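# Fold and contact review
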Amino acid sequence: MSGPDLRRAAAERAVALVRDGMRLGIGTGSTANVFVELLGARVRAGLDVVGVPTSEATRVAAEAAGIRLATLDDLPELDLTIDGADEIDGAMRLIKGGGAALLREKIVAFASRRMVVIADAAKRVETLGAFPLPIEVNPFGLGATRRAVEAAVAAAGCTGRIVLRAGAGGAPLLTDGGHHILDAHLGRIPDPEALSAALWAVPGVVEHGLFLGLATGAILAEARDGAAHVICLGAV
């Protein structure tokens, strides 16, 4: 059973949650891409929904799939967001931002009544932190911000390397919002809430990839007996 098979199983379960007339947040990443594909098929079959994409890449994919789109200025309150995650723990705390869309993803999730995560069950962990934590920062004063982030990480009881993410050609990656990403290779985050608060105290930090108290449910797909099986957590 391959990763694409598991992503499709999770996305199929998620697209079944969508009802006519819903205002949807549409996530970013490999599993969210499958959701966009399946949602587009339902739209072409007559489903009437409107979506708010969490990245330019998702916007392009959703438009190609025929999904009607809007912005949060048009729709400040959403019924449901479907998005992936890089890690999820037992309390449905997440690390997101592997695709560098964490700022828009968090804004859209916060505007939603429900956020349901779709992912391979391998993304479920006991303790967050094996996946590098993305921290979106303003390019101005990058060196000073990086030193402040390193101090904040240490104050929250974490250790590890802080690496500036490179984009195509080796130049620093630019997010859709024109920011850089610092990836914190921490191994484990014993207190995500403490780390979140410490990072928010750094003026150059625009957003970080700890999504705390936002996910209301999760759909995780795992391989069992040669087939994909879906596990639902929380309110799905």
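Residues numbered from 1 in each chain as written. Predicted model: local features only at pLDDT ≥ 70, side-chain atom pairs only at ≥ 80, totals over all residues. Heavy atoms only, no water.

Looking at an unreviewed UniProt entry, the protein chain carries the name Ribose-5-phosphate isomerase A, with the source organism given as Methylobacterium adhaesivum. As its UniProt record puts it under Catalytic activity (unreviewed entry), the protein chain is described as follows: "aldehydo-D-ribose 5-phosphate = D-ribulose 5-phosphate". Quoted verbatim from the Pathway (unreviewed entry) heading of the UniProt record, the comment on the protein chain is "Carbohydrate degradation; pentose phosphate pathway; D-ribose 5-phosphate from D-ribulose 5-phosphate (non-oxidative stage): step 1/1." (UniProt positions renumbered as here; feature names shortened; annotations may be inferred.)

Attention shifts here to the side chain of T81. Following the sequence through the fold, T81 ends up in strand 3 (residues 78-83). Apart from the residues lying within four places of it in its own chain, the contact partners of T81 are G25, V108, A109, S112, R114, M115 and V116. (Helix = DSSP H or I, 4+ residues; strand = E, 2+ residues; numbered from the N terminus. Contact = heavy atoms within 4.5 Å.)

Another point: the packing of helix 5 (residues 142-155) against helix 6 (residues 192-200). Two elements in contact, helix 5 and helix 6, have axes whose closest approach is 9 Å; the angle formed by their N-to-C orientations is 155°. In this view, helix 5 runs roughly antiparallel relative to helix 6, as classed from their interaxial angle. The two elements helix 5 and helix 6 cross, and the hand of that crossing is right-handed. Between helix 5 and helix 6, the contacting residues are V149, A152 and V153 on the first element and L195, A198 and L199 on the second. (Axes fitted to C-alpha atoms, helices over the stretch in contact; angles between N-to-C directions. Parallel < 35°, antiparallel > 145°, perpendicular 65-115°, else oblique. Left-handed = near helix turned anticlockwise from the far one by under 90°.)

When the UniProt feature table is mapped onto this chain, "active site" (unreviewed entry) is found at E105. Mapped onto the fold, E105 is located in helix 4 (residues 102-110). A relative accessible area of 4% places E105 in the buried class. With sequence-adjacent residues up to four places away left out, E105 is seen in contact with T28, T54, D83, K96, G97 and F211. (Buried < 20%, exposed > 50% of the residue type's maximum accessible area, 1.4 Å probe, protein only.)

It is worth spelling out the packing of aromatic side chains at this point. Enumeration over the complete set of coordinates arrives at 0 aromatic pairs. A cation over an aromatic ring shows up here: K96 above the ring of F211, its NZ or CZ 5.6 Å from the ring centre. Of note, K106 hangs over the ring of F211, and the distance from its end group to the ring centre comes to 4.9 Å. (Phe/Tyr/Trp six-rings, centres within 6.5 Å; stacked < 30°, edge-to-face > 60°. Lys NZ or Arg CZ within 6 Å of the ring centre and 35° of its normal.)

Moving on, we get to the domain arrangement of the protein chain. With domains assigned, the protein chain is organised as domain 1 (3-125 + 212-234) and domain 2 (133-206). Each of domain 1 and domain 2 has a C-alpha centre, and the two are 25 Å apart. Taken together, the contact between domain 1 and domain 2 spans 13 residues of the former and 14 residues of the latter. Summed over both sides, the interface between domain 1 and domain 2 buries roughly 1000 Å², with carbon and sulfur atoms accounting for 63% of that surface. Applying the counting rule to domain 1 against domain 2 returns 2 salt bridges. Put simply, R93 and E193 hold a salt bridge, and the shortest N to O gap is 3.1 Å. For the pair domain 1 and domain 2, the number of links is 4 residue pairs in polar contact (both at pLDDT 80 or more). Tallied by class, the residues present in the side of domain 1 that touches domain 2 amount to 5 nonpolar, 4 polar and 4 charged. (Domains from an automatic or database assignment. Buried area = accessible area lost by both parts, 1.4 Å probe. Salt bridge = Lys/Arg side-chain N within 4 Å of Asp/Glu carboxyl O. Polar contact = N/O pair within 3.5 Å; in protein donor to acceptor, adjacent residues only side chain to side chain. Nonpolar A, V, L, I, M, F, W, Y, C, P; charged D, E, K, R; others polar.)

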